[in-house]
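Coordinates in review
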Amino acid sequence: ELAQEIRKEGMPARLKVIEDALAPVLSSFKEQDRLHLVRIVLLLTSSAMIRAFNDYLDLTGVEAADTVAWAIFTLAYAGSPGEETTQSVSHAEEQE
């Protein structure tokens, strides 16, 4: 399918963007863990994942984004000893 081919062609650029965004914390991970982190962030930010949040959990876009942000934050700081690993206030809580 054409759409899938286009997604595959753009994958190296998407992975590079994620690596750049995670650069401040990637150095604290072993090479294999870096690869796993970048891959999971790619999946967490995919349109398929956002649809799954809606289809499986009936979450709004804001709730899904808040959950993804929490997961990325938690995973990214898992390799940083002494760092805070949970967000104090979520986006959804801020809007209440």
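Residues numbered from 1 in each chain as written. Predicted model: local features only at pLDDT ≥ 70, side-chain atom pairs only at ≥ 80, totals over all residues. Heavy atoms only, no water.

**Quick look at unusual backbone geometry**
Operational definition: The helix count covers DSSP runs of H or I at least four residues long, the strand count covers runs of E at least two residues long, and both are numbered beginning at the N terminus.
Phi is positive for Asp 58, close to 55 degrees, though the residue is something other than glycine. Tracing the chain through its elements places Asp 58 in the loop between helix H3 (47–57) and helix H4 (61–76).

**Looking at the confidence of the model for the protein chain**
Condition: For every residue, the predictor states its confidence as a pLDDT score lying anywhere from 0 to 100. Note on definitions: a residue-residue contact is assigned when non-hydrogen atoms from the two residues lie within 4.5 Å.
Summing up the model confidence of the protein chain, the mean pLDDT is 85 and the portion of residues at 70 or higher is 82%. Mean pLDDT per element in the protein chain: helix H5 (residues 91–94) is the minimum at 54, and helix H2 (residues 31–44) is the maximum at 94. Taken as a whole, residues 85–89 scores under 50 in pLDDT and shows ten contacts with residues more than four places along the chain or in a different chain.

**Considering the pattern of salt bridges**
Two side chains of opposite charge can pair, provided their charged atoms sit close to one another. Stated precisely, the cut-off is as follows: A pair is scored as a salt bridge if a Lys or Arg side-chain nitrogen falls within 4 Å of a carboxyl oxygen belonging to Asp or Glu. Only protein chains enter the accessibility calculation, which uses a 1.4 Å probe. A residue is then buried if its area is under 20% of the maximum for its type, exposed if over 50%, and partly exposed in between.
Counted by the stated rule, this structure contains two salt bridges. Linking Lys 16 and Asp 20 is a salt bridge whose minimum nitrogen-to-oxygen distance equals 2.7 Å. In this pair, Lys 16 and Asp 20 are both assigned in helix H1 (residues 2–26), four residues apart and thus about one turn of the helix distant. Judged by its relative accessible area of 44%, Lys 16 falls in the partly exposed class.

**As for the layout of surface pockets**
Quick reminder of the rule: Of the grid points, spaced at 1 Å and generated over the protein atoms alone, those admitting a 1.4 Å probe that cannot get out make up cavities, while open sets with protein on both sides within 12 Å along at least five of seven lines make up pockets; any residue with an atom within 4 Å of a point is treated as lining. Grid points are joined across faces, edges and corners, and a volume is the space filled by probe spheres set on the points. We call Asp, Glu, Lys and Arg charged. Ala, Val, Leu, Ile, Met, Phe, Trp, Tyr, Cys and Pro are nonpolar, and the rest, Gly among them, are polar.
Roughly 160 Å³ of internal volume is contained in the largest pocket. Together, Arg 7, Met 11, Arg 14, Leu 42, Leu 43, Ser 46, Ser 47, Ala 48 and Arg 51 line the largest pocket. At the level of elements, H1, H2 and H3 are the ones that each hand at least two residues to the lining of the largest pocket. For the lining of the largest pocket, a count of residues per class yields four nonpolar, two polar and three charged.

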